[in-house]
Amino acid sequence: MTFEFIRTEVRGRVGWITLHRPEALNALNAAMVAEIAGALAVFGADPDIGCVVLTGADRAFAAGADIKEAAERTYPETFLEDFLASWDVIARMRKPVVAAVAGYALGGGCEVVLMCDVVIAADTARFGLPEVKIGVMPGAGGTQRLARAIGKAKAMDLCLTGRMMDAAEAERSGLVSRVVPASDLLAEAQAVAEAISAKSRINTMVIKEAVNRAFETSLSEGLLFERRTFQALFATLDQKEGMAAFVEKRQPEFRGR
Ligand code: CAA
């Protein structure tokens, strides 16, 4: 895969997407989002890939949507093109996605992080939704996903003031899964992604769906979805293998089906 604004790589069973637009702190323009969508489609369809890592650079994961590209847009254009709707493709990725975040994750960059499943932050990471400072508001899910991730009071604080959270506050708030020294970020992300990839692929995909249901539905509907999908896993070879391996005191060899 050859792209202009991202780099891709396969490490074992993990597909890596590295945002690469250093001159603009990885600001997400339309072309970059389309490239991310293309890479996710390839990794999503590859049976040898169990998990994707999405990362940026030391200074910035991504400093938001490209303000220069957006500055002259009119309302009719944004409406007719359904500006930012295409970003949903990241949230719709069915395989787990680990975000490895160093430096700024602001605006659309933070919203992309909120679309990922596990978030590993370097101690240098800074998160925020500063759109209010430039006359707009979060438009790629920030008001909804941040409120669900860290609660109303913190989400209001960030969205209304535009201030940034450091990695420690983001971890305390529940936005981040783990914080590690910046020098360990990529190794930690690979280790987490490998741990996920080593599991049954069908299993991790179903678990991702079930956890995401918690944000989409009532508790009773979510619990029913969980129980039915749990029961459905008994139709998989990997359930037989996983439980047999436990009983036989050996490591399971999952086949992803
Ligand atoms: N869009 C376009 N270019 C950007 C950018 C963005 N979001 N963020 C940074 N850049 C560019 C800068 O314009 C600058 O380019 P030039 O050298 O050509 O001038 C380059 O990246 C380096 O940036 P700075 O010189 O500003 O670096 P800094 O270290 O002084 O500041 C920063 C870093 C605090 C992140 C600052 O760049 C900043 O505030 N960026 C904008 C953050 C922001 O408002 N993000 C939200 C965007 S809107 C959005 O995302 C909507 C949505 O909901 C999807």
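Residues numbered from 1 in each chain as written. Predicted model: local features only at pLDDT ≥ 70, side-chain atom pairs only at ≥ 80, totals over all residues. Heavy atoms only, no water.

- By the naming in an unreviewed UniProt entry, the protein chain is Enoyl-CoA hydratase, taken from Xanthobacter oligotrophicus.
- What the UniProt record of the protein chain gives under Sequence similarities (unreviewed entry) is the line "Belongs to the enoyl-CoA hydratase/isomerase family." (UniProt positions renumbered as here; feature names shortened; annotations may be inferred.)

**Concerning the site of the ligand**
And then number 1: In the vicinity of the ligand there are 24 residues, among which Arg 59, Ala 65, Gly 108, Glu 111 and Gly 139 approach most closely.
And then number 2: Taking Arg 59, its side chain carries an N or O atom lying 2.8 Å from an oxygen atom of the ligand.
And then number 3: Burial of the ligand by the protein chains amounts to 65% of its free accessible area of 990 Å².
And then number 4: Looking at the shell around the ligand, the elements with two or more residues in it are helix 2 (67–70), strand 6 (104–106) and helix 5 (108–115).
And then number 5: Its residues placed into classes, the shell around the ligand shows 14 nonpolar, four polar and six charged. (Near = heavy atom within 4 Å. Polar contact = N/O pair within 3.5 Å; in protein donor to acceptor, adjacent residues only side chain to side chain. Areas by Shrake-Rupley, 256 points an atom, 1.4 Å probe, with all protein chains shown as cover. Helix = DSSP H or I, 4+ residues; strand = E, 2+ residues; numbered from the N terminus. Nonpolar A, V, L, I, M, F, W, Y, C, P; charged D, E, K, R; others polar.)

**Quick notes on the side chain of Glu 111**
And then number 1: Summarising the element assignment, Glu 111 is placed in helix 5.
And then number 2: Once residues lying within four places of it in the same chain are set aside, the contact partners of Glu 111 are Leu 129, Glu 131, Pro 138, Gly 139, Ala 140, Gly 141 and Gly 142. (Contact = heavy atoms within 4.5 Å.)

**What about the pairing of strand 3 (residues 51–55)?**
And then number 1: Within strand 3, five of the five residues are buried, leaving the element largely enclosed by the surrounding structure.
And then number 2: The alternating pattern of strand 3 places Cys 51, Val 53 and Thr 55 on one face and Val 52 and Leu 54 on the opposite face, and all of these are buried.
And then number 3: Taken together, the five bridges between strand 2 (residues 14–19) and strand 3 define a ladder with parallel strand orientation. Counted as the bridge partner of Trp 16 is Val 53 from strand 3.
And then number 4: Between strand 2 and its parallel partner strand 3, the chain crosses via helix 1 (residues 30–45), and the hand of that crossover is right-handed.
And then number 5: In this structure, strand 3 lies alongside strand 5 (residues 97–101), joined through four bridges in parallel fashion. Across the sheet, the residue bridging to Val 52 is Val 97, located in strand 5. (Buried < 20%, exposed > 50% of the residue type's maximum accessible area, 1.4 Å probe, protein only. Pairing = 2+ DSSP bridges. Right-handed = clockwise from strand over helix to strand, strands pointing away.)

**Let's talk about the sheet that holds strand 9 (residues 164–166)**
And then number 1: The strand order across the open sheet formed by four strands is 4-6-8-9, and the pairing between neighbours is mixed. In the strand order of this sheet, the two ends are held by strand 4 (60–62) and strand 9, each with one partner. Here the strands of the sheet are splayed against their neighbours by 20° on average, with no regard to which way each runs.
And then number 2: Pairing analysis gives three bridges linking strand 6 to strand 8 (residues 126–128), with the strands arranged parallel. (Axes fitted to C-alpha atoms, helices over the stretch in contact; angles between N-to-C directions.)

**What about the nonpolar core?**
And then number 1: Core analysis: the biggest nonpolar cluster contains 46 residues, and Val 101, Phe 127 and Leu 175 have the highest contact counts within it.
And then number 2: With six residues, helix 1 is the largest single contributor of residues to this core.
And then number 3: When neighbours within four sequence positions are excluded, Leu 175 is seen to be in contact with Leu 114, Val 119, Phe 127, Leu 146, Ile 150, Met 165 and Ala 170.
And then number 4: Within the second largest apolar cluster, 16 residues are counted, among which are Val 53, Ala 102, Leu 185 and Ala 193. (Core = buried A, V, L, I, M, F, W, Y, C linked by side-chain atoms within 4.5 Å.)

**Quick word on the packing of helix 6 (residues 142–150) against helix 7 (residues 152–161)**
And then number 1: At their nearest, the axes of helix 6 and helix 7 sit 7 Å apart, and the two run at 135° to each other. The orientation of helix 6 relative to helix 7 falls into the category oblique. Judged by the sense of rotation from one axis to the other, the crossing of helix 6 with helix 7 is right-handed. Where helix 6 abuts helix 7, its residues Thr 143, Leu 146, Ala 147 and Ile 150 lie against Lys 152, Lys 154, Ala 155, Leu 158 and Cys 159. (Parallel < 35°, antiparallel > 145°, perpendicular 65-115°, else oblique. Left-handed = near helix turned anticlockwise from the far one by under 90°.)

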